[in-house]
Amino acid sequence: MNRTIFTIMALLILSLPAAAEFQVDLDHMVWDRYYDNDEVNAVLQALHKAHPDLTELRSLGKSEENRDVWLLTINDPATGPHQDKPGIYVDGAIHGNEIQATEVCLYLAWTLLERHDDWTKLGELFARTSFYIVPTVNVDNRSRFFEDPSSYNIGRSARVPHDDDGDGLEDEDDYDDLDGDGEILQMRIRDPHGTHKTHPDDPRVTIRIKPGEQAEWRLLGMEGIDNDHDGRINEDTPGYLDMNRNWGFMWQPRYVQGGSGNYPFSARNTKAVSDFLAAQTNLCFGFNFHNYGGMWLRGPGSDMSPPIPPGDLKVFDFLGVEGERVVPGYRYLIASKDLYETHGDFDEWMYQCLGIYCFVGELYMSSQTAYRGRGDAPNGDDGNLWSRRPPLVERQKFNDALMMGEMFRDWRPFTHPTYGEIEIGGWRTFTTRIPPTFMMPEMLHRNAMYVLWTAGQAPRLSVEITETKDLGDGLWRVRTRAVNAGAIPTLSDKARTMSILPLDEFRIAGDGIEVLSGGVLLDRWHDVVAPVERRPHRVPTWTNGYGTREVQWFVQGTGDVTVTYTGAKCRAQSTTAALIGE
Ligand SMILES: [Ca+2]
Ligand SMILES: [Ca+2]
Ligand SMILES: [Ca+2]
Ligand SMILES: [Ca+2]
Ligand SMILES: [Zn+2]
């Protein structure tokens with residue numbers, strides 16, 4: 001290269017203004033936008049830096065493409081170590097294209113850390129609860145959603161290479177941004193013998209013809225060419241492993257459950273997250289945020305799964321109904337019965353293997369893009385009325401009135417190497433499964449507040465000694481009671497009946513006493529006790545949501561006695577009384 005030209009070019013490059021660095025300002029966070037992976041990480045770092053005592057930020061592991069899967073632990077150590085308190089786990093974007101799930105996690109973390117000093121009740125909740133937040137499980141595809149030409153339907157899977165079409169090559173025929181507009185949109189071709197026609201009320205809308213009608217178009221799928229010249233287009237896109245079919249309960253091979261992977265936890269991210277969760281025995285509730293439908297989903301996810309015990313159903317139902325209130329429009333549903341059957345889901349594994357209650361939160365309802373006045377019927381039948389999605393003509397009216405038409409890319413001609421003269425257009429990347437940004441703040445707030453409401457239902461025990469009865473000759477009857485002020489039991493029925501975790505313990509201790517017998521007090525009026533056989537100073541038990549647990553001991557001696565209740569998912573509680581003879 002000519003030296004002068006090189007110098008001029010170097011000067012030109014140097015004189016260009018640097019790309020605006022993203023600066024996190026925690027005091028003025030903006031929530032009507034989407035944060036890409038680098039920005040999410042910057043917010044996490046900023047939260048950690050601003051609250052080093054209240055947070056731990058650590059990578060659970062590296063993804064297929066070597067990105068960190070970050071866990072932000074939020075806990076006030078002044079009120080105890082995080083593992084000694086009931087824990088709430090929240091994650092997002094296990095499907096990489098479901099980007100707003102990450103934003104809910106981020107908003108939750110920000111609310112907890114930035115507002116617990118301002119809101120008294122949040123401060124109380126903050127003091128007694130630990131939060132574990134993994135904003136992005138599928139970091140690879142959520143990153144690529146922003147970086148690569150994309151579509152709301154592209155990027156669900158983990159980027160584990162896979163030969164989808166069995167031609168010996170992996171991931172060889174991806175989508176292509178043919179017109180270079182940075183998005184992967186629809187292709188259509190004019191064809192009188194095709195399947196679709198233009199909607200009479202809106203020329204942008206292409207609808208399926210009814211039998212006997214004259215066709216005008218044939219849809220050709222998403223933008224792409226036959227990259228490997230095998231006669232098919234977009235037949236082997238990167239991936240495919242669905243991280244939400246890769247968990248180790250009722251996992252099924254690919255011929256039963258598409259996308260399940262070669263074996264459970266074969267995706268690096270699911271393995272990393274599961275290792276953390278299995279060791280975190282204080283967790284009492286999990287949220288797994290996805291992006292479509294407006295639902296709080298619980299298991300069973302599959303007809304093969306065992307039924308949920310009645311006690312746990314009560315807990316799910318109580319919490320789920322409240323979830324419908326906090327986020328209006330959401331429905332509390334059973335995944336396998338009300339939606340469809342799946343195998344190897346995250347929430348199923350959480351509940352069935354770890355005994356931790358879990359909801360899938362399906363954020364955003366496209367019914368929110370309806371455009372109707374009082375008494376208006378749905379506008380423009382597109383044959384899609386079974387769903388809650390407004391008809392396409394109506395969505396276009398919403399698009400025009402509220403989004404200046406920016407949600408849809410109008411059809412534009414393109415010369416395709418295989419198809420010839422075609423058109424490219426359609427609903428743009430940040431639409432359809434993703435809400436318009438002006439709807440974000442309310443969506444984030446309502447969903448985060450529901451997580452906090454649920455956290456407020458975590459086991460919260462108090463213990464009291466209800467009786468110290470002097471029976472003479474240094475013999476005492478001591479009765480004690482634990483009261484759970486939360487709706488969530490100290491152990492789920494699943495965890496307890498399947499012995500997933502040891503039972504909680506009520507203990508009595510005192511320097512001057514010998515414990516003769518002890519057991520759960522079943523009926524205090526008729527003295528019905530279920531005595532423990534060995535080591536009577538410790539009575540294994542649990543306490544139901546909004547429930548009580550009473551325990552009785554006979555002890556010999558005098559002096560102070562202390563009763564203590566300990567359990568994996570509740571803060572230890574104790575109280576003391578003096579046994580002093582007459
Ligand atoms: Ca292939
Ligand atoms: Ca394009
Ligand atoms: Ca091909
Ligand atoms: Ca191929
Ligand atoms: Zn999903």
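Keep in mind that what you see is a predicted model, and the values were worked out from it rather than measured.

1. Considerations on the nonpolar core
Looking at soluble globular proteins, one finds that nonpolar side chains tend to be buried together. In terms of nonpolar packing, the biggest core is built from 86 residues, with Leu108, Ala109 and Ile133 touching the most fellow members. Considering each element in turn, this core owes the most residues, nine residues, to helix α3 (residues 100-115). Look past the residues within four positions of Ile133 in its chain and what remains in contact with it is Leu72, Ile74, Val90, Cys105, Leu108 and Ala109. Grouped together as the second largest cluster of nonpolar side chains are 20 residues, Leu461, Trp476, Ile508 and Val555 included.

2. Focus on the pairing of strand β4 (residues 130-134)
For β4, the buried fraction is high: five of the five residues fall into the buried class. The two faces of β4 match: Ser130, Tyr132 and Val134 on one face and Phe131 and Ile133 on the other face are all buried. As defined by bridge partners, strand β2 (residues 68-74) adjoins β4 across three bridges and the pair is classed as antiparallel. Paired with Thr73 across the strands is Tyr132, a residue of β4.

3. Description of unusual backbone geometry
Following Gly299, the chain continues into Pro300 via a peptide bond in cis, with omega recorded as -5 degrees. Mapped onto the fold, Pro300 is located in the loop between β10 (295-298) and α7 (310-326). A positive phi angle is found at Ala93, which is not glycine, with a value near 55 degrees. With respect to the secondary-structure elements, Ala93 resides in the loop between β3 (87-92) and α3. Of note in this structure, Tyr546 is not a glycine but carries a positive phi near 50 degrees. You can call Tyr546 partly exposed: it has 14 C-beta atoms within 10 Å.

4. Some remarks on the domain arrangement of the chain
According to the domain assignment, the chain consists of domain 1 (83-158 + 242-364 + 437-457), domain 2 (161-238 + 367-427) and domain 3 (461-579). The gap between the C-alpha centroids of domain 2 and domain 3 is 64 Å.

5. Some details on the sheet that holds strand β22 (residues 559-567)
Here four strands make up an open sheet; going across it, the order is β20-β17-β22-β23 and the pairing antiparallel. Edge positions in the open sheet fall to β20 (538-541) and β23 (570-579), since each of these has one partner strand only. Each neighbouring strand pair of the sheet contributes to a mean axis angle of 15 degrees, computed without reference to strand direction.

6. Overview of the sheet that holds strand β11 (residues 331-334)
With mixed pairing, the eight strands of this open sheet are ordered in space as β1-β2-β4-β3-β9-β12-β10-β11. Taken across any chain shown, the strands that pair with only one partner, and hence form the sheet edges, are β1 (55-62) and β11. The sheet shows a mean angle of 20 degrees between the axes of neighbouring strands, direction not considered. Sheet analysis places β3 next to β4, joined by five bridges and oriented parallel. Looking at β4, one finds that Gly87 is bridged to Ser130. Those strands touched by α3 are β1, β2, β3, β4 and β9 (283-290), and its axis lies near 140 degrees from that of β3. Helix-sheet contacts for helix α9 (residues 346-354) involve β9 and β12 (357-362), and the interaxial angle to β12 is about 170 degrees.

Reading guide: rules and limits
- Residues numbered from 1 in each chain as written.
- Chains lettered and ligands numbered in written order.
- Predicted model: local features only at pLDDT ≥ 70, side-chain atom pairs only at ≥ 80, totals over all residues.
- Core = buried A, V, L, I, M, F, W, Y, C linked by C-beta atoms within 7 Å.
- Buried ≥ 20, exposed ≤ 12 C-beta atoms within 10 Å, placed from the backbone.
- Helix = DSSP H or I, 4+ residues; strand = E, 2+ residues; numbered from the N terminus.
- Contact = placed C-beta atoms within 7 Å.
- Pairing = 2+ DSSP bridges.
- Domains from an automatic or database assignment.
- Axes fitted to C-alpha atoms, helices over the stretch in contact; angles between N-to-C directions.

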